[in-house]
Amino acid sequence: MSITDKQKPIGVFDSGIGGLTVVKRLASTLPNENIIYFGDTARVPYGSKSNSTVIEYSIQNTKFLLQKNIKALVVACNTASSIAIPDLKKIFDIPIIGMIEPGSRMALSKTHNKKIGVIGTRATTSNLAYSKEIKRLNDKVEVFEKPCPLFVPLAEEGWIKHRATYEIAEEYLKELREEEIDTLVLGCTHYPILTEVIQKVIGPKVSLIDSGVASSELIKLELEKFNLLSDSGTIGSQEYYVSDIPAKFKEVAELFLGRGIEHVHKVDLEVLISEH
Ligand code: DGL
């Protein structure tokens, strides 16, 4: 019996555990979808790598997921979304959804004073991915971007409410507080893991934009457009693959998702690189 396109899984990748913030939302917006997740934990962080390296890794990750017979790809990494999407769309003939456009649209729908802050990796902020997209959609808005590279290892480490996380957040978010932004884009999928700390430090009046929340509606619309929404009527499954230390991924993933996850598979990096 052949599997119809609608019943195929959605592929999701990130440099590590950050993309789980997208999976969490996706699983509640589209509960019937099967998801195959790849976290490139051997090569995290992407945010301090060059554009050409991020493109190369993104192509390898997509080829790996295509071997799992995916029907659509979600680039659950703002860094890869801001750099690699045009190349991925040129090479691969499946729907590909990134994080920048949905996050920008949601930020514009929330802001009242037209002052939006964006925090992300060095790569995302130095490419000005959000500033360009937000201004393309509305040029009357001011955008303030700030790299927060230490948030990624803190999230990977599971230091969700640690004192050190507060201190680092105070240092990073000081300038954005002074700019009196009313909306802050968490422009890295790792950052929603640290939401509690970020919200406390930036203040309760600032709306936080989570890539997962912002993108899940768009993913649904894209699947609808291509007639690819699952019609199985059963609850979808999630399968996890990482390129290093599955046990650590499992531990932090369970802490963040608040539930147990089954086996996390290890993908040999040598194989990932040589086969693709
Ligand atoms: N989670 C990723 C992002 O959304 C990347 C973090 C990193 O690998 O530096 O940008």
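Above: the structure in question.
Residues numbered from 1 in each chain as written. Predicted model: local features only at pLDDT ≥ 70, side-chain atom pairs only at ≥ 80, totals over all residues. Heavy atoms only, no water.

**Observations concerning the pairing of strand β1 (residues 10–14)**
Rules: For every residue, the accessible area obtained with a 1.4 Å probe (protein chains only) is divided by the maximum for its type, and the residue is called buried under 20%, exposed over 50%, and partly exposed between those limits. Labels follow the DSSP assignment, with helices taken as runs of H or I lasting at least four residues and strands as runs of E lasting at least two, numbered in each case from the N terminus. Strands are treated as partners if at least two bridges between them are detected by DSSP. Whether a crossover is right-handed comes down to one check: with the strands pointing away from the viewer, does the path from the first strand over the helix to the second run clockwise; if it does, it is right-handed.
The buried fraction of β1 is high, at 5 of 5 residues. Alternating positions in β1 separate into two faces, Ile-10, Val-12 and Asp-14 on one and Gly-11 and Phe-13 on the other, with burial throughout. Relative to strand β2 (residues 35–39), β1 runs parallel, the two sharing 5 bridges. Each residue of the ladder has a partner; that of Asp-14, found in β2, is Gly-39. Where the polypeptide runs from β1 across helix α1 (residues 20–29) and back to β2, its parallel neighbour, the crossover connection is right-handed. By the bridge criterion, 4 bridges tie β1 to strand β3 (residues 72–75) in an arrangement that is parallel. Note that in β3 the partner of Ile-10 across the bridge is Ala-72.

**A few points about the sheet that holds strand β7 (residues 183–187)**
Rule in force here: What counts as an axis is a line fitted to C-alpha atoms, over the stretch in contact for a helix, and the angles between N-to-C directions run from 0 to 180 degrees. Contacts were defined at the residue level, with two residues in contact if any of their heavy atoms lie within 4.5 Å.
Pairing in this open sheet of 4 strands is parallel, and the strands run β6-β5-β7-β8 from one edge to the other. The open sheet has two edge strands with one neighbour each: β6 (142–147) and β8 (207–210). Between one strand axis and the next, the sheet turns through 20° on average, direction left out of account. By the bridge criterion, 4 bridges tie β7 to β8 in an arrangement that is parallel. Following the sheet pairing, Thr-183 is matched in β8 by Ser-207. Here helix α4 (residues 100–110) sits on the sheet in contact with β5 (115–120), β7 and β8, set at roughly 160° to β8. Contacts from helix α10 (residues 211–225) reach β7 and β8 within the one sheet, and its direction differs from that of β8 by about 55°.

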